[in-house]
Amino acid sequence: MDLDPKEGAMMRSQDWYGGTGRDPFIHRAWMRRGVPDHAFDGRPQIAIANTASDLTPCNAHLNEVAEYVKQGVWEAGGVPVNLPVTSLGETLVKPTAMLWRNMAAMTIEEMLRANPIDAAVLLGGCDKTIPALLMGAASVDLPAVVVPGGPMLNGYFRGERSGCGTGVWALSEEVRAGNLSEQEFERFDKQMVRSKGHCNTMGTASTMGIMAEALGMTIPGVAGTPAPDSRLLEAAHASGRLAVELALEDRRISQVITKESFHNAIVTLAAIGGSTNAVVHLLAIAGRLGIDLTLEDFDRIGGKVPLLVNLQPSGSYLMEDLFRAGGVLAVLDQLTDLLDPAAQTVVGAPLISFLGEHPVWDRDVISLRENPLQDEAGIAVLRGNLAPRGAVIKPSAASPELLTHTGRAVVFDSIEDFHARIDDPELDVDADSVLVLRGCGPKGYPGMPEVANTPLPPKLLKQGVRDMVRISDGRMSGTAYGTVVLHVAPEAASPGSVLALVQDGDLISLDVPNRKLELLVPEEELAARKPAFREVSSFAKADRGWQKLYIEHVQGADTGADLDFLVGSSGSIVTRESH
Ligand code: FES
Ligand code: MG
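Residues numbered from 1 in each chain as written. Chains lettered and ligands numbered in written order. Predicted model: local features only at pLDDT ≥ 70, side-chain atom pairs only at ≥ 80, totals over all residues.

**Student:** Got a minute to help me understand the sheet that holds strand β11 (residues 469-472) in this structure?
**Tutor:** Two strands in a sheet stick together by hydrogen bonds in their backbones, pointing the same way (parallel) or opposite ways (antiparallel). The mixed open sheet is built from six strands, whose spatial order is β12-β11-β10-β9-β13-β14. At either end of the open sheet lies a strand with only one pairing partner, and these are β12 (484-485) and β14 (516-519). Across two bridges, β11 lies against β12 in parallel orientation. In the strand pairing of β12, Ile-471 is matched with Val-485. (Pairing = 2+ DSSP bridges. Helix = DSSP H or I, 4+ residues; strand = E, 2+ residues; numbered from the N terminus.)

Right, here's the structure in full:
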């Protein structure tokens, strides 16, 4: 490989290692420990921003992936450095991993900037890790490439595919309905989680890996490679090589991700039936890059895109099947006319230049464009007096007959309030009721947890009810399903929220075809309710630490729930020395 940096460009890391004198001496001396002299001669220093952690089981295999990245970096003439960064495990971290996404992004940003790094390979997987990596790296704007850690192998229950997340939600409802014993449910765990990797449904992790590819931030074709597949290690090696090239070319994230890239991401999100959480993450990533992306863009661009991928939670199959059937490129191959031809990739060519010869090997898993699973997929953005700044619903995961529905509100002020009352046989609720769960927004919880896909009342489950309209300012796991209106903004804890004023028995009208969400209560009456509201609801408060910073600065879900002072970029320049 030609090791000459692009004309005029000197590696950023030479600010640390180049020249003579005390400071460069210090920077080199401590780094030696077996590293050869030529490591400091001006060649690219490649950080492997690595979210491997035993407490993020979905990412635990990334240390192995990092070894293959390293080999690729050395081979291409660069110097790899492993940079463990804040990791977030969706299943363990309390009160919700989303509370820490912005913190992870902030620490990733600061450590990439503070260190002698010319480009980064971003290793993520579990839900928040790829968003945090992209947000942080975007705010430094160094060259970077993503290697998504990939999904687990298929899970099965009684011989049928049962994805992690989705299977848990479905089977736990069967336990509550009295159709499945606790013992059988317990035995499901090893059948569900069979291998390394992240959730194998089209949940948030799978979605965000694919979003990274659609944004142009992976080598095309890599997203969705199962974690145990040797092709992932091959991709890691290639991405290490590519990172060296990126540093030499000085091809930065801001040159790869543009408004056009988000167009492609939204088309892809619709076609794969991706997680609603992608809306919040993509808005936040756009905010870091100063790209004007709005909620409406999701509906406008994604609303007419056909659903082609038959994966749980909306469909039948799992990520291993998607890869076998031809993968993301076989999906995008059919959508070239909907993609923006100008959108670039890290490889230095437009995304569409990688399309054209990716057949579909299993039409049950990836539908052909002329015979889609749904004609119009995507995420619907709702407005109305109940959500003046918007709310979202994933129609492909909802019950068609509930997409237009009016019902009486049954209101819960917190998830604790919900759990305390939902199993009560006396609860005044029927199949037509609308379950309203508030106090679960970014500020209110705090952290906007995935609680909006609430379980249903057992008395209705026993009658055979399996879906109801639910409305919340919280999020829903990407592995979940149901007619759930999410991300209501402004959230209940925000001044001026109408969601905060809803009372039991109020009529709520959901009209997805017309993108409406209305509380059918006269203006005057709502105005009269306002003063009483704060006393009936108690939302999160914090005196110190991250939670205090978060509550004071977090923005609404409608703009990505980033902290106000983290929006935008500070670039990669650090002017002052440490000694
Ligand atoms: Fe990690 Fe689902 S829990 S991806
Ligand atoms: Mg999740």
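**Student:** Even after reading the chapter, I still don't get the sheet that holds strand β2 (residues 79-84), so can you show me in this structure?
**Tutor:** Spatially, the four strands line up as an open sheet ordered β2-β1-β3-β4, and their pairing is parallel. Unpaired on one side and paired on the other, β2 and β4 (144-148) mark the two borders of the sheet. Each neighbouring strand pair of the sheet contributes to a mean axis angle of 20°, computed without reference to strand direction. In this structure, strand β1 (residues 45-50) lies alongside strand β3 (residues 119-124), joined through five bridges in parallel fashion. Across the sheet, Ala-47 pairs through a bridge with Ala-120, a residue of β3. Across the sheet, helix α5 (residues 129-140) is in contact with β1, β3 and β4; its angle to β3 comes to roughly 160°. (Axes fitted to C-alpha atoms, helices over the stretch in contact; angles between N-to-C directions. Contact = placed C-beta atoms within 7 Å.)

**Student:** How do you make sense of the UniProt feature "domain: Dihydroxy-acid/6-phosphogluconate dehydratase N-terminal" (unreviewed entry) in the protein chain when you look at a structure like this?
**Tutor:** UniProt feature "domain: Dihydroxy-acid/6-phosphogluconate dehydratase N-terminal" (unreviewed entry): in the numbering of this structure it lies at residues 43-350. A helix fraction of 48% and a strand fraction of 9% characterise residues 43-350, whose end C-alpha atoms lie 27 Å from each other. (UniProt positions renumbered as here; feature names shortened; annotations may be inferred.)

**Student:** It is not clear to me how the environment of Glu-401 should be interpreted in this structure. Could you clarify?
**Tutor:** Structurally, Glu-401 can be placed in the loop between β8 (391-393) and β9 (404-412). Residue classification places Glu-401 among the exposed positions, given that 9 C-beta atoms sit within 10 Å. (Buried ≥ 20, exposed ≤ 12 C-beta atoms within 10 Å, placed from the backbone.)

**Student:** Quick question: what am I supposed to make of the pairing of β3 here?
**Tutor:** As a general feature of sheets, a regular strand has side chains that alternate between the two faces. Counting buried positions over the six residues of β3 gives six, a clear majority of the element. By the alternation rule, side chains of β3 split into Ala-119, Val-121 and Leu-123 and Ala-120, Leu-122 and Gly-124, which are all buried. Pairing geometry for β3 and β4, over five bridges, is parallel. Each bridged residue has a counterpart across the sheet, and for Val-121 the counterpart in β4 is Val-145. Crossover β3 to β4 through α5 is right-handed. (Right-handed = clockwise from strand over helix to strand, strands pointing away.)

**Student:** Explain unusual backbone geometry here, please?
**Tutor:** Here the amide bond leading from Lys-94 into Pro-95 is cis, since omega sits at -5°, within 30 degrees of zero. Tracing the backbone shows Pro-95 in the loop between β2 and α4 (97-114). Put simply, Ala-489 and Pro-490 share a cis peptide bond, and its omega is 0°. Examined against the element boundaries, Pro-490 turns out to sit in the loop between β12 and β13 (507-511).

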